[in-house]
Amino acid sequence: MSRRSPLTGKDGYDLVVVSNRLPVDFTVDHEGRVDWKRSPGGLVTALEPVMQKSDGAWVGWSGAPDLEVEPFDADDMRLVPVTLSATEIERYYEGFSNDTLWPLYHDVIAPPAFHRQWWDAYRRVNQRFADAAAAQAEQGATVWVHDYQLQLVPRMLREQRPDLRIGFFNHIPFPPLELFQQLPWRRQVIDGLLGADLIGFQRAGDASNFIRAVRRLTGYTTRGPIVTTPATEDSPARHVRAAAFPISIDSHTFDELARTPEVQARSREIRADLGDPEVMMLGVDRLDYTKGIRHRIKAYGEILQDGRIDVEHVTLVQVASPSRENVGAYQELREQVEALVGRINGEYAEIGHAAIHYLHHSYPPEEMAALYLAADVMLVTSLRDGMNLVAKEYIAARSDDQGVLVLSEFTGAADELASGALLVNPHDIDGMKDIIVAAAHMDPREQRKRMRRLRRRVLADDVSKWSESFLGVLQAMPSRDTPRRQEPVEGEGA
């Protein structure tokens, strides 16, 4: 299959992005015809301009089992689908990625499961992604691999293509050594990541956790953020940098969306539909045990029980979008959350005044912007979060400089937004109750001062700045553009 770039005519692409999913959603009609539509998301928003400029290809799974689709062009990008079987999805994605790595990397809030069949599938699928990326990359190209599903790809890619510049970005936390050591394949994961030239994390603490794991598990030399891997028979010694590159959102676009007359009108309509409460509180999360939804609702219910707020004047809207519904821990969480919401509404709701409006749906950006504008208090109470972009979306939507952000200390966003948010420890229910009540009664002048501070930060550090920063550091690293190893010709010492 030809991989010649239609833009430059070169034998491959200058920039290759590798992620678990492609930036499009595929559909198959009853006659078997495949169609696609672009799936909006922060990563594609960040990378689309730079990929169009540098002639890029994007390697990822289609999202459907056993769907074989040839590479195709969309929005001036080459999209290269990777096919996964139903069994591979069950073992690599739902199993090892989301039932082993996800809980392990999120402080073991839920117990991770360690199954050798899952690990074998993870290795096989990572190799398939690496092979696809190697086939698309021009000599000396830059390859940017994303997230915990693909931690073995950098090393696999390095072994095939030592000429490449390889970056890896971990979108979720990297755990402390004491937790990471539980993983039976911990050394293989570390070695996989060290195939990259630059490894990016959300927080400086995550990068430090990784460096500490390298020191303990490999014995390689480390100096600050630099890991030196020793020379081998096939490759020279290499320097790998591990550093924080906190991700953001397309804040200016979201700001503009929230200013449109349609969104403004919808915001007023939402408040009217809720009975025009004095204070509307909002939670927006994937239905995930890391998000602290149960802790938040428990605290809210106790505030009602204590009489510090009442349903006639205050209401909570909780959006919990469906997530990983085939994983048992998520099914159990949904049952627990819905039972808790039902109990609190049963005890405290009045006719025309629900205590909690629970919405188990996903919503388009326009509706989310209207919800953010309608909310007086935004509750982000994650038990552990790599970043939490909902907090930044709320800030970007508040061009009126009003609203209060209650933010968990255990989010990556807390490192950047501490000066304007009210920080909480979601495990401290009494402390969280006090801060939620303080947020509900905050003086408008204090709100304005805090929100202006937050907006300056979020509008300045947007997702484009994040991608430019990461790629700028990666591309400034020493070139490894060496001749590609040639396969021996038959009869010449093969």
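Throughout what follows, the structure given in this document is the object of discussion. Because the structure is a prediction, the values reported are computed rather than measured. (Residues numbered from 1 in each chain as written. Predicted model: local features only at pLDDT ≥ 70, side-chain atom pairs only at ≥ 80, totals over all residues. Heavy atoms only, no water.)

**Concerning the pattern of salt bridges**
Link 1 in the chain: Under the definition given, this model contains 37 salt bridges.
Link 2 in the chain: A salt bridge links Arg78 to Asp73; the nearest nitrogen and oxygen atoms lie 3.3 Å apart.
Link 3 in the chain: For Arg78, a relative accessible area of 18% gives the class buried.
Link 4 in the chain: Residues Arg343 and Glu347 are paired through a salt bridge, measuring 3.3 Å at the closest nitrogen-oxygen approach. Within this pair, Arg343 and its partner Glu347 are both found in helix H11 (residues 328-348), separated by four residues, close to a single helical turn. (Salt bridge = Lys/Arg side-chain N within 4 Å of Asp/Glu carboxyl O. Buried < 20%, exposed > 50% of the residue type's maximum accessible area, 1.4 Å probe, protein only. Helix = DSSP H or I, 4+ residues; strand = E, 2+ residues; numbered from the N terminus.)

**Quick notes on the pairing of strand E11 (residues 226-229)**
Link 1 in the chain: Side chains Val227 and Thr229 project from E11 onto a buried face, and the interleaved Ile226 and Thr228 project onto a face without burial.
Link 2 in the chain: Judged from the three bridges that link them, strand E10 (residues 221-223) and E11 form a sheet pairing that is antiparallel. Its bridge partner being in E11, Thr222 is matched across the sheet by Val227.
Link 3 in the chain: Linking E10 back to E11 in an antiparallel pair, the connection comprises two residues, with Gly224 at a positive phi of about 60 degrees.
Link 4 in the chain: Here E11 pairs with strand E12 (residues 238-244) via four bridges, running antiparallel. Note on E12: the bridge partner recorded for Val227 is Val240. (Pairing = 2+ DSSP bridges.)

**Quick notes on the sheet that holds strand E8 (residues 165-169)**
Link 1 in the chain: Spatial ordering of the open sheet is given by E5-E6-E4-E1-E7-E8-E9-E12-E11-E10, a layout of 10 strands whose pairing is mixed. With one partner strand each, in any of the chains shown, strand E5 (72-74) and E10 form the two edges of the open sheet. With strand direction ignored, the average angle separating the axes of adjacent strands in the sheet is 25 degrees.
Link 2 in the chain: Pairing of strand E4 (residues 56-61) with strand E6 (residues 77-82) involves five bridges; the strand directions are parallel. Bridge pairing links Trp61 to Val82 in E6.
Link 3 in the chain: Sitting on the sheet, helix H7 (residues 204-218) is in contact with strand E9 (198-201), E10, E11 and E12, with an inclination near 145 degrees to E12. (Axes fitted to C-alpha atoms, helices over the stretch in contact; angles between N-to-C directions. Contact = heavy atoms within 4.5 Å.)

**A short note on the nonpolar core**
One recurring pattern in soluble globular proteins is that nonpolar side chains are buried together.
Link 1 in the chain: By size, the foremost hydrophobic cluster in this structure holds 102 residues, and its most contacted members are Phe129, Phe210 and Met281.
Link 2 in the chain: The dominant element in this core, judged by the number of residues it contributes, is helix H3 (residues 116-136), at 10 residues.
Link 3 in the chain: Setting aside its immediate chain neighbours within four residues, Phe210 contacts Phe174, Ile190, Leu193, Leu194, Ile199, Phe201 and Ala242.
Link 4 in the chain: By size, the runner-up hydrophobic cluster in this structure holds 67 residues, among which are Val44, Phe169, Leu373 and Leu471. (Core = buried A, V, L, I, M, F, W, Y, C linked by side-chain atoms within 4.5 Å.)

**Here's the deal with the sheet that holds strand E13 (residues 279-286)**
Link 1 in the chain: Judged by pairing direction, the sheet is parallel, and its six strands sit side by side in the order E15-E14-E13-E16-E17-E18 without closing on themselves. Both edges of this open sheet fall to strand E15 (356-359) and strand E18 (422-424), since each of them pairs with a single strand only. On average, adjacent strands in this sheet sit at an angle of 20 degrees to one another, irrespective of strand direction.
Link 2 in the chain: Of the strand pairs in this sheet, strand E17 (residues 404-408) and E18 are connected by three bridges, and their pairing is parallel. Looking at E18, one finds that Val406 is bridged to Leu422.

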